[in-house]
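Residues per chain, in single letters:
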Amino acid sequence: MVSGSLLVHAVGLLTAYTLYGLLQERIMRGSYGPANQRFTSSSVLIVVNRIFSIATALVILFTRKDTSPIGIENQPRAQERWRRLYPASPLLAYAAVAIFNFLSTTSQYEALKYVSYTTQSLAKCAKMVPVLLVGAVIHKKTHRPNEWIAGAVILLGCAAYLFSQPPHVSTSTHQHSAPAEDASSLEALLGALCLAGYLFFDGLVSTTQEKVFGKNPSVSDPFGSESPVLDQMIWTNVFALSIALVTSILTTATGNVKHDVYMLFTTPALVRDVCAFSAASAVGLAILLNTIASFDALTASLIMTIRQFLSIVLNAGVYGNFSSVGVVGWMGVAWVASGVYIKMKRVDLPTPGSGGKNSNTDGPPVVQKVTIRHISQYIVPITLPVILGLSSNFLILHQSSSLLSRRAQIRIEGGVWDAEMHSLVGPECEHSADTSTYNTTVKTGLVTFPRSGNSYLRSLVERSTGYRTSSVYCDPGLQQTFVGECDRTARFLVKTHFPSLPQDRSPGDQDHYKNFDQAVHLIRNPFDAVASWWHMEYAESTSAVQNHEGKVELEGGEFDPGDRPRLIEFAKKWRNHALYWQQAPIRTHTVRYEDLRRDTIPQMMSLLPFLLPPDDRPSLERVTCLAEKVNKLNPYKSRKMGAFSAWSSFYPSLRMEILYITRRPFCAHGYLPLLLEAVGEENVPELKGFCDRISFDMSADGYYVDDARKEDVWDVGDIGQ
């Protein structure tokens, strides 16, 4: 049976480390300060964590009252306090634990480069096995049979989950730092070695603590004079702090350590979260150390296994992906639970001389009744998951029926190919908003004229890849949807409207393209883009954030002649933006917004190979999910209208003026046929041969129109007009 003290320790550990994980996620993914800056330095966070743990231990040591019979009862004894500051064990022991912990953490993070987060999470469920092996082989500890069997059953459950083949590949995994299913054998081997290193060093940490630092004689008094808890919290963290400081210094040149340290001293909200995070860590560490000292390392690893097991089950429940796990996978999860049960519910066989009426050492012990209990202790928990696994088929079939019903109600966007692809692949689309940072050395710009569908494209890219996009502007309104909006260190698809925005520039800004290694040029026809920008600028807004959905009611459905100067200015900006990025001497992939709306999947299948190397590209199933309309993943409600829907808003003479201003890029991107298709060729006879009147003078560096007036050359002085 589970003792009350052990139950208190288990609840305390689960609570402290759950809060620890939530606060860590909040700090590393949230934004702070008026500029919505992000704190990204994990090494600085570890340094603060270690300092907080040492300080907590010192405060407890010098403020707690001692009930020792020596001295005055319940009064602090300064001499005893100072004596306990000295290490009770050799310094090498504390240093070894700190180094083992560092190596375990490093191996864990390295493993994420080669295996999925789910794989690593399930591998953590096998933590009992290395604790058993390290304890037996290195520290010569003897374990009971039920502990070995429990460890083996848990390992069996992990293996069943990891190597099961689910009926469909889940599209909810956003940890794309791991390789695809067709990863090379070398990558698989490296991932396995990193996981093995993580488990081995993690096992060394707890077993070394148990073996070297000794036991706590009073479970209810974790900080007593005979308890090793405070001693470990102080001296192990001293060495761990030294390692963290060295790591922070070494990463100063390549990371954001200085910036994050400055943030930590100037942002009250960040200080509050970091202090709460460090407090949760210190409390969790104290409970963990006392669990090891009062019970053993195996019990502590069992509690952490339960935490990981609950995390997996709750994750599957929250995101509704039970069917993607598969029957064998859920049998594995059940075996993990069975292993926990076997470890906690122990029935020992009686031995000769153990006492009782059957303790006669001269004759064989009576074991018939106990044998039944012994068999039930092992056989029932091991076979029960098989029965549950077969029963789960009915649940999966039921969920599949619900999925077919849901697909019948899905609204498909795009064209014929999108609908056919979605029908053929039959994807299970979960449409999660979770994204992660894509680490790359290639910086890609998303270069667009304002109101040309950049947010729509960013949403498609994030949905299909799971990688965060960013921007040079840091729009608080967009940051609600795009977590990486204000990440100044991001390199994957960074939005810029240059040269259309910002208004003020330095003379050297013609080299803006040099900020990127390559660019995705998203372009929209000038009439819809200019009109949309005008509406956003003049629409009423109830906050400081721009009203992306705003629209001004035009009298008679047309712009007023008084609006002409601003519209002409926007048209010139559209022309110069298109020309600048047409001529920028970097690798460029051009996408027309109209094509992206009409043929979403084909356009994205052309774009994704430009953005990502083969090993990092999403599955076809995930790309196919883009055909499903999901408003919740867009930053604002977009009015999906046909190409040149704003054409009728411009009075005839203004239309022609804008056409002549934008003629070269307008024609180069094939917008004339699209315009004639949208409004009818018979309704615009004046545009017959419009693009044919552009001639080429091969002796000049640029294009010339038929009236011999130089036009459309990359004129730096005209940028932004």
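As the structure is a prediction and not an experimental result, all values here were calculated from the model.

### Observations regarding the overall build of the protein
Part 1 of the reasoning: If you tally the helices and strands in the protein, you get 25 helices and seven strands.
Part 2 of the reasoning: The 721 residues of the protein split such that 48% are buried.
Part 3 of the reasoning: Within the protein, counting contacts between residues at least 6 apart in sequence, those at least 24 apart form 79% of the total.
Part 4 of the reasoning: Carbon and sulfur atoms make up 60% of the accessible area of the protein, which totals about 35,200 Å².

### Overview of the sheet that holds strand β3 (residues 494-496)
Part 1 of the reasoning: With parallel pairing, five strands are arranged side by side in an open sheet as β2-β3-β1-β4-β5. The open sheet has two edge strands, β2 (470-471) and β5 (587-592), and neither has a second partner.
Part 2 of the reasoning: Bridge count for β2 against β3 is two bridges, and the pairing is parallel. The residue of β3 that forms the bridge with Ser470 is Val494.
Part 3 of the reasoning: Along the sheet, helix α19 (residues 564-583) makes contact with β1 (444-448), β4 (518-523) and β5, crossing β4 at roughly 145 degrees.

### Here's the deal with the packing of aromatic side chains
The relation between two aromatic rings is expressed through the spacing of the ring centres and the mutual angle of the planes.
Part 1 of the reasoning: Enumeration according to the criterion identifies 23 aromatic pairs in this entry.
Part 2 of the reasoning: When the ring of Tyr17 is compared with that of Tyr20, the centres are 5.9 Å apart and the planes differ by 70 degrees; the resulting orientation is edge-to-face. On the criterion of helical spacing, the pair formed by Tyr17 and Tyr20 is a turn pair, its members being three residues apart in helix α1 (residues 4-29).
Part 3 of the reasoning: Taking 4.1 Å as the distance between ring centres and 10 degrees as the angle between the ring planes, the aromatic pair formed by Trp533 and Phe570 counts as stacked. A residue pair is termed long-range when its members are at least 10 positions apart, and Trp533 in helix α18 (residues 526-538) and Phe570 in helix α19 qualify at 37 residues.

### Side note on the state of the cysteines
Part 1 of the reasoning: In the structure shown here, the tally under the stated rule is two disulfides.
Part 2 of the reasoning: Two residues, Cys667 and Cys691, share a disulfide whose sulfurs are 2.0 Å apart. Looking along the S-S bond of the Cys667-Cys691 disulfide, the torsion reads about -85 degrees, which is the left-handed sense. Taken together, the positions of Cys667 in helix α24 (residues 663-668) and Cys691 in the loop between α25 (671-679) and β6 (694-696) put the pair 24 residues apart, joining distant regions of the chain.

### Some details on the nonpolar core
Part 1 of the reasoning: Among the nonpolar cores identified, the biggest contains 39 residues, and Phe527, Phe644, Trp647, Phe650, Phe666, Leu687 and Phe690 are the most heavily contacted of them.
Part 2 of the reasoning: The set of elements that each furnish at least two residues to this core consists of α18, α19, α23 (652-661), α24 and α25.
Part 3 of the reasoning: In terms of residue count, the dominant contributor to this core is α18 (seven residues).
Part 4 of the reasoning: Leaving out residues up to four positions away in the same chain, Phe690 has contacts with Leu659, Tyr660, Arg663, Phe666, Cys667 and Leu672.
Part 5 of the reasoning: Leu446, Phe492, Met604 and Val623 belong to the second-largest nonpolar core, a separate cluster that totals 24 residues.

### As for unusual backbone geometry
Part 1 of the reasoning: Following Phe498, the chain continues into Pro499 via a peptide bond in cis, with omega recorded as 5 degrees.
Part 2 of the reasoning: Along the chain, Pro499 falls in the loop between β3 and β4.
Part 3 of the reasoning: Phi at Arg451 takes a positive value of approximately 65 degrees, unusual for a residue other than glycine.
Part 4 of the reasoning: Residue placement: Arg451 occurs in the loop between β1 and α16 (454-465).
Part 5 of the reasoning: Positive phi values are uncommon outside glycine, yet Phe644 reaches one of about 60 degrees.
Part 6 of the reasoning: Take Phe644: it is sitting in the loop between α22 (620-624) and α23.
Part 7 of the reasoning: When its relative accessible area of 4% is taken as the criterion, Phe644 is described as buried.

### A look at the pattern of salt bridges
Part 1 of the reasoning: Following the criterion strictly, the structure yields twelve salt bridges and no others.
Part 2 of the reasoning: As a salt-bridge pair, Arg458 and Glu485 come within 2.8 Å of each other at their nearest N and O atoms. Placement of the pair is Arg458 in helix α16 and Glu485 in the loop between α17 (476-479) and β3, with a sequence separation of 27 residues. For the residue pair Arg458 and Glu485, the accessibility class agrees, reading buried in each case.
Part 3 of the reasoning: Between Glu569 and Arg566 there is a salt bridge; the shortest N-O distance is 2.7 Å. In this pair, Glu569 and Arg566 are both assigned in helix α19, three residues apart and thus about one turn of the helix distant.
Part 4 of the reasoning: Looking at Arg566, the relative accessible area reads 21%, which means it is partly exposed.

### So, the packing of α16 against helix α21 (residues 600-611)
Part 1 of the reasoning: At a closest axis distance of 11 Å, the pairing of α16 and α21 adopts a crossing angle of 70 degrees. When the interaxial angle is binned, α16 and α21 end up roughly perpendicular. Residues Tyr456, Leu457, Leu460, Val461, Ser464 and Thr465 of α16 pack against Thr600, Met604, Leu607, Leu608 and Leu611 of α21.
Part 2 of the reasoning: Of the residues belonging to the contact of α16 with α21, the class tally is eight nonpolar, three polar and no charged.

### Side note on the confidence of the model for the protein
Low pLDDT means the predicted coordinates in that region are not meant to be read closely.
Part 1 of the reasoning: Scored by pLDDT, the protein has a mean of 76; 71% of the residues are at 70 or more.
Part 2 of the reasoning: Mean pLDDT per element in the protein: strand β7 (residues 703-705) is the minimum at 39, and β4 is the maximum at 96.
Part 3 of the reasoning: Note that residues 67-75 has pLDDT below 50 and, in this model, seven contacts with residues that lie over four places away or in other chains.
Part 4 of the reasoning: Ignoring residues within four places in sequence, the model shows residues 697-721, a span with pLDDT below 50, making 49 contacts including any to other chains.

### Side note on the packing of helix α9 (residues 229-250) against helix α11 (residues 268-294)
When two helices pack together, you describe them by how their axes are tilted relative to each other and by the distance separating the axes.
Part 1 of the reasoning: The contact between α9 and α11 brings their axes to 9 Å, and the two run at 125 degrees. The orientation of α9 relative to α11 falls into the category oblique. As α9 runs across α11, the sense of the crossing is right-handed. Of α11, the residues touching α9 (which contributes Val229, Gln232, Met233 and Asn237) are Ala282, Leu285, Ala286, Leu289 and Asn290.
Part 2 of the reasoning: Residues of the contact of α9 with α11, tallied by class, amount to six nonpolar, three polar and no charged.

### Looking at a nonpolar patch on the surface
Part 1 of the reasoning: The grouping of Leu186, Leu189, Leu190 and Leu193 at the surface amounts to a nonpolar patch, some 380 Å² of accessible area in total.
Part 2 of the reasoning: Relative to the assigned elements, Leu186 resides in helix α8 (residues 185-213).
Part 3 of the reasoning: According to the relative accessible area criterion, Leu186 is exposed, its value standing at 56%.

### Description of the side chain of Ser649
Part 1 of the reasoning: Here Ser649 shows up in the loop between α22 and α23.
Part 2 of the reasoning: With sequence-adjacent residues up to four places away left out, Ser649 is seen in contact with Leu554, Gly557, Glu558 and Phe559.

### A closer look at the environment of Ile243
Part 1 of the reasoning: Within the secondary structure, Ile243 sits in helix α9.
Part 2 of the reasoning: Put simply, Ile243 and Ile46 are 197 residues apart on the chain and 9.8 Å apart in space, counted from C-alpha to C-alpha.
Part 3 of the reasoning: Not counting chain neighbours up to four residues away, the residues in contact with Ile243 comprise Ala98, Ile99 and Phe102.

Reading the values: the criteria
Residues numbered from 1 in each chain as written. Predicted model: local features only at pLDDT ≥ 70, side-chain atom pairs only at ≥ 80, totals over all residues. Heavy atoms only, no water. Helix = DSSP H or I, 4+ residues; strand = E, 2+ residues; numbered from the N terminus. Buried < 20%, exposed > 50% of the residue type's maximum accessible area, 1.4 Å probe, protein only. Contact = heavy atoms within 4.5 Å. Areas by Shrake-Rupley, 256 points an atom, 1.4 Å probe, with all protein chains shown as cover. Pairing = 2+ DSSP bridges. Axes fitted to C-alpha atoms, helices over the stretch in contact; angles between N-to-C directions. Phe/Tyr/Trp six-rings, centres within 6.5 Å; stacked < 30°, edge-to-face > 60°. Disulfide = S-S within 2.5 Å. Core = buried A, V, L, I, M, F, W, Y, C linked by side-chain atoms within 4.5 Å. Salt bridge = Lys/Arg side-chain N within 4 Å of Asp/Glu carboxyl O. Parallel < 35°, antiparallel > 145°, perpendicular 65-115°, else oblique. Nonpolar A, V, L, I, M, F, W, Y, C, P; charged D, E, K, R; others polar. pLDDT = per-residue confidence, 0-100. Left-handed = near helix turned anticlockwise from the far one by under 90°. Patch = residues over 30% accessible without salt bridge, like charges linked within 9 Å, V, L, I, M, F, W, Y side chains within 5 Å.

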